[in-house]
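# Working through the structure, step by step
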Amino acid sequence: MAPTTGLPASIHLEIGVSGFADGAWLLVIDHETETGGVPEAVFSPYRTCVSVVVALAMALAVADLTGGEFTDDQIQLLRPGHTHPRHMVTATRLPPESGDFAQRCERYLRQFAHLGGWPRDVSMDRRA
């Protein structure tokens, strides 16, 4: 995708979750051309537990590997101010439990009572 005049360069990718119909969009914005800043990665999951957890894991991994910050403006799993990816992992980690991947993703998100059961769907239909 070619950048629009006056806007930073960006790349849009769709990421699938192997074995599921779940996924997320990734938008990488190169702020170098507008502000001299570092690129920004924005993950936007499909609205299922599997997709949200996978997108969250990818965002935390990117932030940790690049020395960047984790910004949770949309879902707000923790109160504002928690931007260090390793803090987020430590603060939200659950003990090991049995269950398949989708069940574990649901258990992870259900620990945040303030989400009120969002997302409602655990996963999209599994691929045949």
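Residues numbered from 1 in each chain as written. Predicted model: local features only at pLDDT ≥ 70, side-chain atom pairs only at ≥ 80, totals over all residues. Heavy atoms only, no water.

Across its full length, the chain holds 4 helices and 3 strands. Listed by position from the N terminus, the elements making up the chain come as β-β-α-β-α-α-α. Across the 128 residues that make up the chain, the buried fraction comes to 30%. Counting contacts in the chain only where the partners sit at least 6 residues apart, residues at least 24 apart contribute 42% of the total. For the chain, the accessible area works out to roughly 8300 Å², and carbon and sulfur atoms hold 56% of it. (Helix = DSSP H or I, 4+ residues; strand = E, 2+ residues; numbered from the N terminus. Buried < 20%, exposed > 50% of the residue type's maximum accessible area, 1.4 Å probe, protein only. Contact = heavy atoms within 4.5 Å. Areas by Shrake-Rupley, 256 points an atom, 1.4 Å probe, with all protein chains shown as cover.)

Glancing now at the packing of aromatic side chains. Given two aromatic rings, their pairing is described by the distance between the two centres and the angle made by the two planes. Under the defined criterion, the tally for this structure stands at 2 aromatic pairs. Here the aromatic rings of phenylalanine 20 and phenylalanine 101 are separated by 5.9 Å at their centres, their planes lie at 55°, and the arrangement is tilted. Of the two residues, phenylalanine 20 sits in the loop between strand 1 (9-16) and strand 2 (23-30) while phenylalanine 101 sits in helix 4 (residues 101-110), which places them 81 residues apart along the sequence. Geometrically, the ring pair formed by tyrosine 108 and phenylalanine 112 is edge-to-face, given 5.6 Å between the ring centres and 75° between the ring planes. Exposure class is identical for tyrosine 108 and phenylalanine 112. Each is buried. (Phe/Tyr/Trp six-rings, centres within 6.5 Å; stacked < 30°, edge-to-face > 60°.)

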